Amino acid sequence: MMKARSKRSTIKYSKSFKAGLILVTLILLLALVGLFWTPYDVNEMSFILKNKAPSLLHPFGTDNFGRDILSRVMQGASLSFLIAVAVVGTGTVVGTVIGALTGYFGGVVDAVLMRVNDALSAFPGVLMALVIIAVIGNGKYNLILALGIVFVPSYVRVVRGEVLKQKELDYVKNMKLMGASDLHIIFIDILPNIKTALTASVLIGFQNAVLSEAGMSYLGLGVTPPDPSLGRMLSEAQSCLIYAPWYAVAPGLTILFLTLGLGFVSHGLAER
Amino acid sequence: MKYIIKKIASLVITLLIISFVTFLAFAVIPGDAAVSKLGMDATPEQVEELREEMGLKGSVMSRYLRWLGNAARGNFGKSYRYDMPVTELISERLGATVGLACVSLVLILVFSVPLSLLSAAKPNGAVDNVLTILTQIGMAIPQFFLGIVLTLVFGILLSWFKTGSYVSPSVDFGGFLSFMILPAISVAIPKMSMMVKYLRDCIVSEKKNDYVRTAKAKGNGEAAILFKHVLKNAVISAITFFAMITAEVLAGSIVVEQVFGIPGLGRLLVNSINNRDFPVVNVIVLYMAALVVIMNTLADISYRIVDPRVSRAD
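Being a predicted model, the structure only gives us computed values, none of them experimental.

*Asks:* Any details on the overall build of chain A? Residues and values, ideally.
*Replies:* Assigned secondary structure in chain A consists of 10 helices and 0 strands. Ordered by position from the N terminus, the helices and strands of chain A form the series α-α-α-α-α-α-α-α-α-α. Reported as C-alpha extents along the three principal axes, the dimensions of chain A are approximately 75 × 55 × 30 Å. Here chain A holds 272 residues, and 51% of them are scored as buried. Surface exposure of chain A reaches about 12,800 Å², of which carbon and sulfur atoms provide 70%. Computed over 22 positive and 15 negative side-chain charges, the separation of the two mean positions in chain A equals 10 Å.

Below is the structure:
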């Protein structure tokens with residue numbers, strides 16, 4: 001009976017994984033194409049085409065400046081994606097280095113850093129990102145920096161925890177007896193073994209990064225014009241919700257499909 | 001008791017550190033607030049005078065200590081933009097934010113507990129699968145998009161709820177609730193989804209423990225085991241999680257207040273960042289940080305009261 005259940009669950013989770021992969025691929029393709037080609041110029045304004053409902057020429061309609069929404073969503077998605085990659089990349093690299101070193105060597109530095117890390121993790125990410133943006137100003141590069149800093153503590157915690165576990169295992173002791181240097185052991189021997197844990201947090205981090213970028217840009221504290229941004233598009237869409245409700249649909253669903261896809265993928269991986 | 005005193009001491013130290021770091025961050029920002037307030041035509045004497053008045057003179061440390069001294073007496077400085085005490089500005093807007101947070105937290109608690117029980121009743125059953133998909137959607141949807149969709153569907157198309165202007169609960173409680181329900185749902189859904197997923201996983205893994213099998217073997221019913229044993233243990237791990245959720249609700253309200261035009265702290269914070277009104281930003285950030293730290297301390301303390309194993313461990 002137990003066997004039957006576990007078999008059924010693998011099927012279900014791989015379904016979740018597949019569905020997620022399809023969603024993410026769909027948006028990725030859209031973003032990738034948007035990087036090189038869009039049906040219209042993203043900043044081409046037209047007074048006559050203002051707030052037009054979806055049609056064959058403009059499948060998602062036009063915005064309050066007569067710009068093609070599909071084109072802007074395509075470029076907005078690629079910008080969201082690039083920012084998320086940069087943010088998660090920063091968080092992962094910095095977090096892994098700090099987490100691995102402090103976890104492996106321990107001592108006073110580790111104790112102090114962990115206290116700071118705990119305090120930072122307890123803090124809501126949005127609030128911390130807002131403070132950093134308030135200090136350094138907005139724009140896409142500052143946003144990457146701000147969110148990157150916000151993302152570091154969670155990776156430090158994950159990597160440190162894993163390294164603490166690994167360092168007690170026999171293969172690490174063997175390597176030490178064989179005279180391998182500490183840095184070799186940490187980065188060549190231990191790191192490959194914590195791949196699984198790191199992959200899970202990278203996926204979740206990616207979802208968070210997309211959501212945070214959209215939220216900050218929605219608040220007007222992230223990506224600045226003329227760069228198209230999904231979050232900012234939604235804030236513009238909101239001001240003409242009554243007479244142009246379609247404006248919100250494409251940018252909103254693009255974010256949702258991307259984050260939902262990432263959620264499904266990580267869910268499928270976690271419970272496999 | 002000793003534990004509680006230790007916890008409160010560490011809370012005070014944490015708050016002091018946070019206040020110093022935020023003060024430092026806003027002190028090193030390039031640009032002179034006195035000059036930008038007076039304009040380029042001001043004479044150096046005028047600027048000096050205003051700098052004195054705004055507390056911008058001296059080293060960072062001495063300014064921080066002066067600020068701290070004033071803060072201890074309840075004086076948190078003046079807004080650059082509104083020319084009024086920060087405390088007054090904040091207290092005007094506190095009600096809306098606290099109201100939103102309370103309605104959201106009630107929604108989260110009322111719905112997440114029964115939903116997680118439902119989900120955990122038959123792991124991987126039909127109900128569980130549907131709820132799993134729903135919680136995944138709930139965690140993936142941006143709060144402001146949810147807010148826009150809710151406004152469009154329930155506010156504009158169906159006009160079930162008021163989307164006009166904010167009503168204070170002391171003036172008209174019914175009107176307040178009718179206005180707050182859509183914002184509160186927008187804040188609550190993502191956090192509710194997290195809570196349901198977390199509680200479900202807790203209950204499912206608790207159910208695998210040996211004591212559940214023993215209880216079953218002794219002839220206890222499924223429901224009795226669930227309520228007497230499993231839930232008790234699940235609640236313990238849920239407390240810490242709930243403290244985290246409260247912090248997240250507060251953060252979520254920053255964005256949602258913007259969506260629905262609620263005159264709360266979050267909106268004031270975003271506007272003050274845009275206006276470079278740093279005394280206001282500083283105090284709101286501190287205020288929210290203090291709430292988060294206090295919630296975590298309370299969670300730690302109640303954790304210990306509910307679960308005696310923790311206190312015996314050290």
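This is not the end of the story, as more comes after the structure.
*Asks:* Describe the overall build of chain B, and please don't skip the residues or the numbers.
*Replies:* Summing up its helical and strand segments, chain B has 13 helices and 0 strands in all. Counting from the amino terminus, helix and strand elements in chain B follow one another as α-α-α-α-α-α-α-α-α-α-α-α-α. For chain B, the proportion of its 314 residues judged to be buried stands at 45%. Considering only contacts within chain B whose residues lie at least 6 apart along the sequence, 69% involve residues at least 24 apart. Total accessible area computed for chain B in this model is approximately 15,700 Å², and 66% of it derives from carbon and sulfur atoms.

*Asks:* So what about the environment of A96 of chain B? Which residues, and what values?
*Replies:* Residues and elements named next belong to chain B. As for its placement among the helices and strands, A96 is situated in helix α5 (residues 86–121). Put simply, A96 and M180 are 84 residues apart on the chain and 9.2 Å apart in space, counted from C-alpha to C-alpha. Residues within four places of A96 in sequence aside, it is in contact with Y166, M180, I262, P263 and G264.

*Asks:* Please set out the interface of chain B and chain A residue by residue, giving values where relevant.
*Replies:* Chain B puts 41 residues into the contact, and the matching count from chain A is 40 residues. When chain B packs against chain A, the two sides together hide about 3,500 Å² of surface, and 75% of this comes from carbon and sulfur. At the boundary of chain B with chain A, the tally comes to 0 salt bridges. Taken together, the connections running from chain B to chain A amount to 3 residue pairs in polar contact (both at pLDDT 80 or more). Elements with a minimum of two residues in the side of chain B that touches chain A: α1 (2–27), α6 (126–140), α7 (143–157), α8 (173–207), α10 (222–260), α11 (265–274) and α12 (278–306) of chain B. Considered class by class, the residues forming the side of chain B that touches chain A number 30 nonpolar, 9 polar and 2 charged.

*Asks:* Would you mind going over helix α5 (residues 140–167) of chain A in detail, with residue names and values included?
*Replies:* The end-to-end C-alpha distance of α5 of chain A, which contains 28 residues, comes to 39 Å, matching closely the 40 Å that a straight helix rising 1.5 Å per residue would cover. The principal kink in α5 of chain A, of about 30°, is found at V152 of chain A, preceding the proline P153 of chain A by one to four residues.

*Asks:* Got a sec to walk through the packing of α1 of chain B against α12 of chain B? Specific residues and values, please.
*Replies:* Residue and element names in this part refer to chain B. One way to put it is that α1 packs onto α12 with a least axis distance of 10 Å and a crossing angle of 160°. Considering the angle they form, α1 stands roughly antiparallel to α12. Judged by the twist between their axes, the crossing of α1 over α12 is right-handed. Considered class by class, the residues forming the contact of α1 with α12 number 16 nonpolar, 5 polar and 3 charged.

*Asks:* Mind laying out the side chain of T135 of chain B, listing which residues take part and the relevant values?
*Replies:* Residues and elements named next belong to chain B. Within the fold, T135 resides in helix α6. What makes T135 buried here is its relative accessible area of 8%. T135 has contacts with S193 and V196, leaving out every residue within four places of it along the chain.

*Asks:* How would you sum up the pattern of salt bridges? Please name residues and give values.
*Replies:* It is possible for side chains of opposite charge to pair when their charged atoms get near one another. Residues and elements named next belong to chain B. Scanning the entire structure with this criterion turns up 8 salt bridges over all chains. For the salt bridge of D201 with R200, the shortest nitrogen-to-oxygen distance reads 2.8 Å. D201 sits in the partly exposed class, given a relative accessible area of 28%. Classification of R200 by relative accessible area gives buried; the value is 10%. Taken together, the salt bridges that share partners define one network made up of D128, K197, R200 and D201.

Here is what the cut-offs are and how they apply
Residues numbered from 1 in each chain as written. Chains lettered and ligands numbered in written order. Predicted model: local features only at pLDDT ≥ 70, side-chain atom pairs only at ≥ 80, totals over all residues. Heavy atoms only, no water. Helix = DSSP H or I, 4+ residues; strand = E, 2+ residues; numbered from the N terminus. Buried < 20%, exposed > 50% of the residue type's maximum accessible area, 1.4 Å probe, protein only. Areas by Shrake-Rupley, 256 points an atom, 1.4 Å probe, with all protein chains shown as cover. Lys, Arg positive; Asp, Glu negative; His and termini not counted. Charge placed at Lys NZ, Arg CZ, Asp CG, Glu CD. Contact = heavy atoms within 4.5 Å. Buried area = accessible area lost by both parts, 1.4 Å probe. Salt bridge = Lys/Arg side-chain N within 4 Å of Asp/Glu carboxyl O. Polar contact = N/O pair within 3.5 Å; in protein donor to acceptor, adjacent residues only side chain to side chain. Nonpolar A, V, L, I, M, F, W, Y, C, P; charged D, E, K, R; others polar. Expected span 1.5 Å × (residues − 1). Bend = angle between axes of the 7 residues up to and from the residue. Axes fitted to C-alpha atoms, helices over the stretch in contact; angles between N-to-C directions. Parallel < 35°, antiparallel > 145°, perpendicular 65-115°, else oblique. Left-handed = near helix turned anticlockwise from the far one by under 90°.

Geometry only, nothing functional implied.
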